[in-house]
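Per-entry structural report
Residues per chain, in single letters:
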Amino acid sequence: MCGIAGFIARPGHGVPKGLAERLSAALAHRGPDGVGARERDGVLLVHRRLAIIDLAGGAQPIVAPDQTAIVANAEIYDYIEQRHALAGIGFATDSDNEVPLQLYRRDGVGFAESLRGMYALAIHDPGRNVVVLARDAFGIKPLYTAETAAGFAFASEPGALIAAGLVPAREAAGARDELLGLRFTIGEETALAGIRRVAPGETIVVSAGAVVERRRRAALLDTGLLESDEVSCLRRLDAALVESVALHCRADVPFGLFLSGGVDSTSVLAAMVKGGLRPAAAFTVTFDDTAARDEADAAKSVARRFGVRHLAVPFGERDFWALLPRVVEAMDDPAADYAAVPTFKLAEAAARELKVVLTGEGGDELFAGYGRYRGALRPWWLGGRTPRRRALLDGLGLLRSSPATWRDGLDGARALAGRPGRTALQTEQALDIAAWLPNDLLLKIDRCLMAHGLEGRTPFLDPVVAELAFRLPDSLKVRGRVGKWLLRRWLAEALPESRPFAAKRGFTVPAGAWIARHGARLGPLVAAEPGVAAVCRPDRVMALFGAATDRRRGAAAWTLLFYALWHRRHVQGRRAEGDAFDALAGAG
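Quick summary incoming for the structure in this document. (Residues numbered from 1 in each chain as written. Predicted model: local features only at pLDDT ≥ 70, side-chain atom pairs only at ≥ 80, totals over all residues. Heavy atoms only, no water.)

1. A short note on unusual backbone geometry
In the segment running from glutamine 60 into proline 61, the intervening peptide bond is cis, with an omega of 5°. As for its position among the elements, proline 61 is in the loop between strand E3 (43-49) and strand E4 (62-63). Phi angles above zero are rare outside glycine, and arginine 183 is one such case at about 80°. When you line up the elements, arginine 183 lands in the loop between helix H5 (173-182) and strand E10 (196-197). With relative accessibility at 23%, the residue arginine 183 sits in the partly exposed group. (Helix = DSSP H or I, 4+ residues; strand = E, 2+ residues; numbered from the N terminus. Buried < 20%, exposed > 50% of the residue type's maximum accessible area, 1.4 Å probe, protein only.)

Structure follows, in structure tokens:
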């Protein structure tokens, strides 16, 4: 896993002097183990390496005999099988990242259809005078682009494009309104004007500094529902999950596990053990505040059951304030998810020992674990309702004016998710997988882990597991008030003592209570920040922070606090010193 960047010059222009060094420096945290760059025919490729597979020979760019070259932020989990299928091709390395290069040489632009893994990559084909960019179908790995007068640029993080001087730091008002309404942004436009996301599953062909072709690989296939026989579906789930976890454990370095004690991460551990594998260590966040909910005791018990070394990582209010500016620094593409702060500390602890951890992301979306999915199954007269109907800040008297476009991206994503033949539950799942998963949960995991040079792997977000899960009948996902039915049934057989049907305690950070405790100090600081002052009434912001113990007001206060720090760092360009209070009060 790594960081990549590059530049494709337009006719009459060249690669800016010193650009490779500036891009590389901005992405150094993503790849502390090596640096590589290649410039040819007005095309620059830059790579920062986190060495996981083929430690000695996997440096990038990897260049084929015909001079086609690749830089990749990727793990191709079935690379061994793919190499066998490419028999007769002379591989130059043992790296999994050479597989997409050779697939491209064989299949052309459609090469990504054959990939099973997470990836954001760039291939320079000098014979065709094109650069091909591709991102995995779930958007596990990020990739951003910017078009300038001199050429087309790309990077693993938007902050690298700004730090390298390719685009100025300017806020996009529409994405800002979306962020304040949803706590994340949707689609290709980011909150930083002029910087776009490569969409999940998208392949882009760039020639002479301009996009000449786009194609898209779907994350979810509409191939009809499976038969509802629970026994046969359990067998299929067992085979798919154990295989996926085994593939995700392939590495030339030890791997660990983020173990929350919930169904998803416990299922990953159980599948590891069924496949004859064990992590070097399991890491769990524990909360100092008694009001915070966690499942640390359950995680410790499960780890002991399998003889896995368990490390509890304590997290409290002091950590929250101390780490928040560093989290905001990492979240250049903003998502106001308070779970990012303990995730950041968990990653920091894991990175002291390991380079790779597996996580349970995607389990709730694929197997229908959220309460809002149960609501999607009920008609409106029985309490069913559409999630995210109201903007987060609506009705609180905060905004100078109510933005009319904050949910345009969400409505567009919902229209695409509601394809003919899908159930109401499948539509809600598809919406989350297209909008929320890549732009909040996976973005959070990528930034919080890669800030410490740690790779996160998500075995639920495997094409085989995802196809099986999405095609399950609604009755094998939700029964009564219980979601993730089939996954819980599988875990009940694999590890009965994990009590998978017990009430979920969840993972809750008491951010609202912590903010309210310092509301009198925070309110004026947040209200005075230029980004907040431009859209909110300062007196109402100050009042809000004093009432943050209320759940809805606490969520609004947290979002404005995050946004104030984000705007200060990534739009105003002011680096933080000290904790969140120092960052807001500082003049730097």
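2. Quick notes on the sheet that holds strand E6 (residues 117-125)
An order of E4-E5-E6-E7-E11-E12 is seen for the six strands of this open sheet, with the pairing classed as antiparallel. This sheet does not close on itself; its edge strands, each paired only once, are E4 and strand E12 (210-216). The sheet contact formed by E6 and strand E7 (residues 130-135) spans six bridges and is antiparallel. Bridge pairing in E7 links aspartate 125 to valine 130. (Pairing = 2+ DSSP bridges.)

3. Some thoughts on helix H14 (residues 424-450)
Maximum bend of H14: about 60°, positioned at leucine 437, with proline proline 438 one to four residues after it. Within H14, 25 of the 27 residues are buried, which leaves it mostly tucked inside the rest of the structure. (Bend = angle between axes of the 7 residues up to and from the residue.)

4. Here we look at the pairing of E6
Buried residues dominate E6, accounting for nine of its nine residues. Where burial is concerned, the two faces of E6 agree: the one with Gly117, Tyr119, Leu121, Ile123 and Asp125 and the one with Met118, Ala120, Ala122 and His124 are both buried. Here E6 folds back onto E7 in antiparallel fashion, the turn holding four residues, of which asparagine 129 has a positive phi close to 60°.

5. Considering the sheet that holds strand E1 (residues 2-9)
With antiparallel pairing, the six strands of this open sheet are ordered in space as E2-E3-E1-E9-E8-E10. Edge positions in the sheet fall to strand E2 (34-40) and E10, since each of these pairs with one other strand and no more. In this sheet, E3 lies alongside E2 in antiparallel orientation, the contact comprising seven bridges. When the sheet's bridge partners are listed, glutamate 39 is paired in E3 with leucine 44. Each of E1, E2 and E3 touches helix H1 (residues 19-26); the most contacted strand, E3, lies at about 30° to it. (Contact = heavy atoms within 4.5 Å. Axes fitted to C-alpha atoms, helices over the stretch in contact; angles between N-to-C directions.)

6. What about the environment of leucine 565?
With respect to the element layout, leucine 565 can be found in helix H21 (residues 551-571). Note: C-alpha distance between leucine 565 and alanine 164 (401 residues apart in sequence) is 22 Å. Beyond its immediate sequence surroundings of up to four residues, leucine 565 is in contact with Leu324, Val328, Ala580, Ala583 and Leu584.

7. Description of the pattern of salt bridges
When the charged atoms of two side chains lie near each other, side chains of opposite charge can form a pair. Per the stated rule, a full pass over the model turns up 45 salt bridges. Residue arginine 105 pairs with aspartate 66 through a salt bridge whose shortest N-O separation is 3.2 Å. Of this pair, arginine 105 sits in helix H3 (residues 98-107) while aspartate 66 sits in the loop between E4 and strand E5 (69-76), and the two are 39 residues apart along the sequence. According to the relative accessible area criterion, aspartate 66 is partly exposed, its value standing at 39%. Lysine 444 serves as the salt-bridge partner of aspartate 337, at 3.4 Å between the closest nitrogen and oxygen. Of the two residues, aspartate 337 sits in the loop between helix H9 (317-330) and helix H10 (340-351) while lysine 444 sits in helix H14, which places them 107 residues apart along the sequence. When sorted by exposure, aspartate 337 lands in the same class as lysine 444, which is buried. A network of salt bridges, in which partner residues are shared, links Arg30, Lys141, Glu157, Asp332, Asp446 and Arg447. (Salt bridge = Lys/Arg side-chain N within 4 Å of Asp/Glu carboxyl O.)

8. With respect to the nonpolar core
Judged by nonpolar contacts, the single largest core of 192 residues is most densely connected at Phe111 and Leu561. In terms of residue count, H14 provides more of this core than any other element does, 13 residues in total. Discounting residues that sit within four places of it in the chain, leucine 561 has contacts with Trp321, Leu324, Ile515, Leu522, Val526, Phe545 and Leu584. Among the nonpolar cores identified, the runner-up in size contains 16 residues, and Leu45, Ala120, Leu143 and Ile204 belong to it. (Core = buried A, V, L, I, M, F, W, Y, C linked by side-chain atoms within 4.5 Å.)

9. Quick notes on the packing of aromatic side chains
Scanning all chains against the criterion turns up 14 aromatic pairs. Taking 5.9 Å as the distance between ring centres and 45° as the angle between the ring planes, the aromatic pair formed by phenylalanine 320 and tryptophan 558 counts as tilted. Residue phenylalanine 320 is found in helix H9, and its partner tryptophan 558 is found in helix H21; the two are separated by 238 residues along the sequence. In textbook terms, an aromatic cluster arises when at least three aromatic residues are bridged by ring pairs, as seen for Phe287, Phe315, Phe320, Trp321, Tyr338, Trp514, Trp558, Phe562 and Phe581. Taking NZ or CZ as reference, arginine 372 lies 4.4 Å from the ring centre of tyrosine 370, over its face. Between arginine 372 and the ring centre of tryptophan 436, over which it is positioned, the NZ or CZ distance is 4.8 Å. (Phe/Tyr/Trp six-rings, centres within 6.5 Å; stacked < 30°, edge-to-face > 60°. Lys NZ or Arg CZ within 6 Å of the ring centre and 35° of its normal.)

10. Describing the packing of helix H13 (residues 408-417) against H14
It is at 8 Å that the axes of H13 and H14 come closest, and there the two elements cross at 130°. Regarding the angle of H13 to H14, the classification is oblique. Viewed along their axes, H13 and H14 form a crossing whose handedness is right-handed. In this structure, H13 contributes Leu410, Ala413, Arg414 and Ala417 to the contact, and H14 contributes Thr427, Glu428, Ala430, Leu431 and Ala435. For the contact of H13 with H14, a count of residues per class yields six nonpolar, one polar and two charged. (Parallel < 35°, antiparallel > 145°, perpendicular 65-115°, else oblique. Left-handed = near helix turned anticlockwise from the far one by under 90°. Nonpolar A, V, L, I, M, F, W, Y, C, P; charged D, E, K, R; others polar.)

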